[in-house]
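What follows is the residue order along each chain.
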Amino acid sequence: MTPEIYLDGNATSPVLPAAIAAAVRAMEDCYGNPSSSHSTGLQAKALLDGARRRAVRLLGVGQGRLMFNSGATEGIQTAVLSALCALRERRQAGEAIGTLLVYGATEHKAVPEALAHWNRLLGLDLELRKLQVDSDGRHDLQALRALLPHTAMLCTMAANNETGVLSDIAGIEVLLDECASPAYWMVDCVQALGKFRLSLARSRIDYAPFSGHKLYAPKGIGMLYVREGAPFTPLIVGGGQEAAQRSGTENMAGVAALDAVLAALEQGGVFRSHDALCTFRERLAASLRRALPGVVFNAAFEHSLPTTLNFSVPGLSSKELMDVFDAAGVRVSSGSACSAAKAAPSYVLQAMGVPDWRAASAIRLSFGPLADEAAIARACERIERCGAALRASGLIAPDGSLPVQDGVQQLGSGGACSWLVHDAASRSCVVIDPQPEFMDRIAAQVRGQGCTVLAVLGTAPGMDLAAPGRALNVAYGAGDTFGWPAADGLLALGGQALRRVLVDADGAQQAVYLLGRPDAGALPQSAARHAFIGTLAPRQLDGLVHGDTLLCAASDAQQPFCSSLHASAPESGGSQGELHLDAAALQGLLRAHPDALLVDVRESHEHLVGVQAPQGGKVVSVPLGQLAGQIPEWMAAPVPLVFFCRSGNRSTRAAQCLRRLGYAQAYDLAGGLALAA
């Protein structure tokens, strides 16, 4: 497997070796309960007190509170609860309070959700109001000035987790003082720790949460600062630990580990300087510019942490970029780690007003202050290798001609689909049901391969075929309503041909395109290997295709990739277990079936950055979108097929598709390459 280069530091960090050693010592030698009065407990108490003193010094806590907790989410909850309880008490005492709970539009979702939760539970019924940001991602201070007279609590962040944008904390503080605002102020300092100096007691900040795992400490340990005199209500009560501020036996291994990280910060010489981190960022940005033409950085470097780059690339989705980076062993993310699994544009970038395509396709690359020259050099080399793979696969502007593909290709997954039918010998192709979101991809591929587009076809009337026809320089002109260029007969495509059949469906005509090898100038039903059926249901095709014709729909949400009239329902229950092979079961299958194929269904650019495959067996690359074109060959000469990909999602879909078509010896590698490593 390719050695990992971890560039997702804003999500979490590896643990500092000294922190691991400190945690182990705490568990082995200092395992006492710091609330116990015997010697073992006193030793643990000394460790706890020493860690707190160091944190107080480093953060400039002064006479404020500094408590250990599980991390930033707990700290945010505690701060919001404390402020809102005080607001309720003041209102019940007859004091006027503000009507607004104001939070930055780019704030981590934990903040507005905590505000809404406690506002509802405490019955305050205050209005939550977003504080907008400018195009650089910084808070609109003029808007804040207008809101402050009505603000009961203000929540901002020191540095944004997605973009690294630094808030103008000093400017906000000036406004609070000028307006003599009594609003409670929480500043999320999660991304600030270790990246710039903090002196909390000298600021107007009332609450500041921290998370250890963002700076080389383990998960499950954090801190909350509360300014002297700021109201406080414990979130967890019971045992009276942390001076009754946070009950529950302290996480001593976590405290010891965090203390080791803070000691490294205090002593110096471990973490890189600001100037060194800025140099690393410039080197990474230069490699991204060389590798990915047109790359756009979504936050100005002069207002951002030097450890964070957020970028988008025209014509490439965040998933495609994530996949190729991951295949190269470079770990990056799209958006916040808490929301990266959700297929939605970045709300942070949307709040900054960036174009929708950038908000939907952004990648976050982030590293920690432990980064060194060698790691950055390796990262730059891998990034440029990713760019070369993307060019070679035709996803970005190629340096030269691409190899011409042959067969059927699908673009799309979990929604609308476009289909391409290629003939390598004649360097020609046909596009069926062109979806606007895939046109840039189709055009780049056609140009790179030097293909002639014979036709752009639609399965339903009314689809805009003229625009893609012009963009692709269609050889035969626009054709009729469906884009069909021939008055009748067949559209030749090398040794194959397409035949159009019009079907009445719900009072309207739809086109079905049959693909196969013609016989004596005709394409009979029995010769159709593929049928492009648009939105028709299989039951509407009786008498038009034979039972094993592969049905290629304009949407794969219900029928993944392709189906047939003979296709069975997806397997479920106990029989589904046979579909997934763990490493041991895979090796057993390969020993029993030396002719088995390991099929890499990742995209070609993922495969090109470095072939990764399970041990043993012959490996072939068949990207998921080209599955429908390869299936007839497999069906004609079946051998065991084991599909694999990065995480197991795509390979499962491929194996399920083959099983539906009656291919009994189709399997997938459980968990993908990520778990096989």
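Let me begin by describing the structure that accompanies this report. These numbers come from a predicted model, not from an experiment.

1. Quick look at the layout of surface pockets
Then, in step 1: One number sums up the size of the second largest pocket: a volume of about 650 Å³.
Then, in step 2: Around the second largest pocket sit 31 residues that line it, and Gln405, Asp406, Gly407, Val408 and Gln626 are the ones nearest its centre.
Then, in step 3: Of all the secondary structure elements, the ones that give two or more residues to the lining of the second largest pocket are strand S13 (407–411), helix H14 (439–449), strand S20 (528–534), helix H17 (604–608) and helix H18 (627–636).
Then, in step 4: Top element by residues in the lining of the second largest pocket is H18. It accounts for four residues.
Then, in step 5: Its residues assigned to classes, the lining of the second largest pocket comprises eleven nonpolar, 15 polar and five charged.

2. Some remarks on helix H4 (residues 110–121)
Then, in step 1: Taking 1.5 Å of rise per residue, twelve residues should cover 16 Å, and H4 covers 16 Å from first to last C-alpha, within 8% of that figure.
Then, in step 2: Those residues of H4 that sit buried are Ala110, Val111, Pro112, Ala114, Leu115, Trp118 and Asn119.
Then, in step 3: Those residues of H4 that are buried are in contact with helix H3 (72–92), strand S3 (100–104), strand S4 (127–131), strand S5 (151–157) and strand S6 (184–188).
Then, in step 4: Downstream of H4 by one or two residues, glycine 123 has phi in the positive range, about 70 degrees.

3. Observations concerning empty space enclosed by the protein
Then, in step 1: The full count for this structure, using the stated rule, is one cavity of 30 Å³ or more.
Then, in step 2: Taken as a whole, the largest cavity spans an internal volume of roughly 40 Å³.
Then, in step 3: The wall of the largest cavity is formed by Thr163, Phe297, Asn298, Ala299, Phe301, Ser304, Thr308, Leu309 and Asn310.
Then, in step 4: The element best represented in the lining of the largest cavity is strand S10 (residues 308–312), accounting for three residues.
Then, in step 5: Considered class by class, the residues forming the lining of the largest cavity number four nonpolar, five polar and no charged.

4. Observations regarding unusual backbone geometry
Then, in step 1: Phi at alanine 180 takes a positive value of approximately 50 degrees, unusual for a residue other than glycine.
Then, in step 2: In this structure, alanine 180 sits in the loop between helix H6 (169–178) and S6.
Then, in step 3: For alanine 244, which is not a glycine, the phi torsion comes out positive at approximately 65 degrees.
Then, in step 4: With respect to the element layout, alanine 244 can be found in helix H7 (residues 241–244).

5. Here's the deal with the environment of cysteine 30
Then, in step 1: Take cysteine 30: it is sitting in the loop between helix H1 (17–28) and helix H2 (39–59).
Then, in step 2: The class of cysteine 30 is buried, set by a relative accessible area of 11%.
Then, in step 3: Sequence separation between cysteine 30 and glutamine 43 is 13 residues; the distance between their C-alpha atoms is 6.5 Å.
Then, in step 4: Residues in contact with cysteine 30, not counting those within four places in the same chain, are Arg25, Gln43, Ala44 and Leu47.

6. Overview of the packing of aromatic side chains
Then, in step 1: For the structure shown, the criterion picks out seven aromatic pairs.
Then, in step 2: Ring geometry for phenylalanine 297 versus phenylalanine 311: centroids 6.5 Å apart, planes at 65 degrees, classification edge-to-face. Of this pair, phenylalanine 297 sits in strand S9 (residues 296–297) while phenylalanine 311 sits in strand S10, and the two are 14 residues apart along the sequence.
Then, in step 3: Among the aromatic residues, those joined into a ring-pair cluster are Phe297, Phe301, Phe311 and Phe325.
Then, in step 4: When the ring centre of tyrosine 347 is taken as origin, the NZ or CZ atom of lysine 109, which lies over that ring, is 4.0 Å away.
Then, in step 5: The aromatic ring of tyrosine 667 is capped on one face by arginine 659, whose charged end is 5.3 Å from the ring centroid.

7. Let's talk about the environment of arginine 427
Then, in step 1: Checked against the element boundaries, arginine 427 lands in the loop between strand S14 (418–423) and strand S15 (428–432).
Then, in step 2: Here arginine 427 falls in the partly exposed class, since its relative accessible area comes to 34%.
Then, in step 3: Here the alpha-carbon distance between arginine 427 and leucine 493, two residues 66 residues apart in the chain, equals 9.4 Å.

What counts and what doesn't
- Each chain carries its own residue numbering, running from 1 in the written order of its sequence.
- The predicted origin of the model limits local features to residues at a pLDDT of at least 70 and limits the giving and counting of side-chain atom pairs to 80 or more, whereas totals for whole chains, interfaces and linings rest on all residues.
- By convention in this description, side-chain values take in all heavy atoms of the structure and omit both hydrogens and water.
- Both cavities and pockets are sets of points on a 1 Å grid over the protein atoms alone; in a cavity a 1.4 Å probe fits but cannot get out, in a pocket the set is open with protein on both sides within 12 Å along at least five of seven lines, and lining residues sit with an atom within 4 Å of a point.
- Grid points are joined across faces, edges and corners, and a volume is the space filled by probe spheres set on the points.
- Counting from the N terminus, the helices are DSSP H or I runs at least four residues long and the strands are E runs at least two residues long.
- Under the scheme applied, nonpolar residues are Ala, Val, Leu, Ile, Met, Phe, Trp, Tyr, Cys and Pro; charged residues are Asp, Glu, Lys and Arg; polar residues are all the others, including Gly.
- Residue count minus one, scaled by 1.5 Å, sets the expected span of a helix.
- For each residue, the accessible area found with a 1.4 Å probe, counting protein chains only, is set against the maximum for its type, and the residue is called buried under 20%, exposed over 50%, and partly exposed in between.
- Here, two residues are considered to be in contact whenever any of their heavy atoms come within 4.5 Å of each other.
- Stacked, tilted and edge-to-face are the three classes assigned to paired rings of Phe, Tyr and Trp, where Trp is represented by its six-membered ring and a pair needs centres within 6.5 Å; plane angles under 30 degrees give stacked, over 60 edge-to-face, the rest tilted.
- Definition used: whenever NZ (Lys) or CZ (Arg) falls within 6 Å of the ring centre and also within 35 degrees of the ring normal, the charge is taken to sit over that ring.

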